[in-house]
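Listed here are the chains, written in short residue letters.
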Amino acid sequence: MNATQLQQRIAKYLSLKIELRVNNNRSTMLNILQRQRQAVKLSIHKMFLDAPEDVIVAVAHYVKGTPREKGNLNHVLRTYIQNNVGSHVPSTRLNEKVLIPQGKHYDLQKIYETLNGQYFQDRLNLKITWYGTARSCHRPQRLTFGLYQESLKLIKIHQMLDDPFFPSYFVWYIVYHEMVHNVVPGKMDARGRFCVHSAAFKEEERKFIDYERAITWERQNKEKIFRRGWA
């Protein structure tokens, strides 16, 4: 099914004009971008292209903001997103031969194993690797230090961090942050946003012993990182 067909499926439950923007976001799966008297612009994840009819009805109620349906539609949408988000990760099979946890300055595997024992009683069973390139010739627009892929149970730490410029406690914090994503998975909030950094996540994140030190260092050094040309 394409975007036009999805738009038609949702529109039949509405009395206003709807315009869709299909996204492939990692966090916000459903969001009203603009609302007018007789029209609405909706950003919706591509996973909804093949959604069953009860989910389409829930999307329509979400757009209308129907109060009496709010609790039920949030349950339907939340369940559908949580059941389908993993299948929309580009890779669903992990080739462990391509994992590179050992860097020039930091050994991610040792960091992960120490944190797993110290904070999670060795309960986590995840893989970890460096990814990306250490340098980039263009000025980055945003910083992505790490990623967690739930479908692969894989933590990926950007190679820019494999440099003595980044203090060890900051690298450890980034690894810990990605580990928390496994412990506190993303959830859909009442506004239809799939929140990956919920209040529960932030509470768990603050348990890291050098949390304040790490975020302070990042805030104080962000411009330096940009100037050095890291992506």
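The structure displayed is predicted, hence computed values, not measured ones.

Chemist: So what exactly am I meant to see when it comes to the sheet that holds strand 1 (residues 17-23) here?
Modeler: Within a sheet, adjacent strands bond to each other through the backbone by hydrogen bonds, running parallel or antiparallel. A sheet is described by the order of its strands in space; here three strands give the open sequence 1-3-2, paired in mixed fashion. Both outer strands of the open sheet, strand 1 and strand 2 (30-35), are each paired with one neighbouring strand and no more. When strand polarity is set aside, the average angle formed by the axes of neighbouring strands in this sheet is 20°. Judged from the five bridges that link them, strand 2 and strand 3 (residues 39-45) form a sheet pairing that is antiparallel. Bridge pairing links Arg35 to Val40 in strand 3. Contacting strand 1 and strand 3, helix 1 (residues 3-11) crosses the sheet at an angle of about 140° to strand 1. Along the sheet face, helix 2 (residues 53-64) touches strand 2 and strand 3 and points at about 40° away from the line of strand 2.

Chemist: Any chance you could explain the side chain of Thr129 here in plain terms?
Modeler: As for its placement among the helices and strands, Thr129 is situated in strand 4 (residues 127-131). Residue Thr129 is classed as buried on the basis of its relative accessible area of 5%. Here the side chain of Thr129 touches Ile100 through a polar contact of 2.7 Å, landing on its backbone nitrogen. What Thr129 contacts, discounting residues up to four positions off in sequence, is Val98, Leu99, Ile100, Pro101, Leu108, Leu154, Ile155, Lys156 and Ile157.

Chemist: In this structure, what is going on with the nonpolar core? I would like to understand it.
Modeler: Ranked by internal contacts, the top residues of the largest apolar core, which has 38 residues, are Phe145, Ile157, Leu161, Phe166 and Phe170. Of all the secondary structure elements, the ones that give two or more residues to this core are helix 4 (108-120), strand 4, strand 6 (154-158), helix 5 (168-183) and helix 7 (211-227). With nine residues, helix 5 is the largest single contributor of residues to this core. Counting residues in hydrophobic clusters, the runner-up holds 26 residues, among them Leu14, Leu30, Ala51 and Val63.

Chemist: Help me out: how do you make sense of unusual backbone geometry in this one?
Modeler: Most of the time, phi is negative for any residue but glycine, and the peptide bond is trans. In the Ramachandran plot, Asp122 falls in the positive-phi region, its phi being about 60° despite a non-glycine side chain. Tracing the sequence through the fold places Asp122 in the loop between helix 4 and strand 4. Its identity is not glycine, yet Lys153 carries a phi of approximately 55°, on the positive side. Locating Lys153 in the fold gives a position in the loop between strand 5 (146-149) and strand 6.

Chemist: I tried to follow the side chain of His181 on my own but got confused; where do I start?
Modeler: Among the structural elements, His181 can be located in helix 5. Assessed through its relative accessible area of 14%, His181 is described here as buried. Side-chain polar atoms of His181 contact the side chain of His197, separated by 3.4 Å.

Chemist: Help me understand the packing of helix 4 against helix 5 in this model?
Modeler: Axis angle and axis distance: for two packed helices, these are the angle between their axes and the distance between the axes, and together they describe the pair. Packing of helix 4 against helix 5 leaves a shortest axis separation of 10 Å and a crossing angle of 60°. For the element pair helix 4 / helix 5, the angle class is oblique. You can see that helix 4 and helix 5 cross each other, and the crossing is right-handed. Where helix 4 abuts helix 5, its residues Leu108, Ile111, Tyr112, Thr114, Leu115, Asn116, Tyr119 and Phe120 lie against Val171, Trp172, Val175, Tyr176, Met179, Val180 and Val183.

Basis of the calculations
Residues numbered from 1 in each chain as written. Predicted model: local features only at pLDDT ≥ 70, side-chain atom pairs only at ≥ 80, totals over all residues. Heavy atoms only, no water. Pairing = 2+ DSSP bridges. Helix = DSSP H or I, 4+ residues; strand = E, 2+ residues; numbered from the N terminus. Axes fitted to C-alpha atoms, helices over the stretch in contact; angles between N-to-C directions. Contact = heavy atoms within 4.5 Å. Buried < 20%, exposed > 50% of the residue type's maximum accessible area, 1.4 Å probe, protein only. Polar contact = N/O pair within 3.5 Å; in protein donor to acceptor, adjacent residues only side chain to side chain. Core = buried A, V, L, I, M, F, W, Y, C linked by side-chain atoms within 4.5 Å. Parallel < 35°, antiparallel > 145°, perpendicular 65-115°, else oblique. Left-handed = near helix turned anticlockwise from the far one by under 90°.

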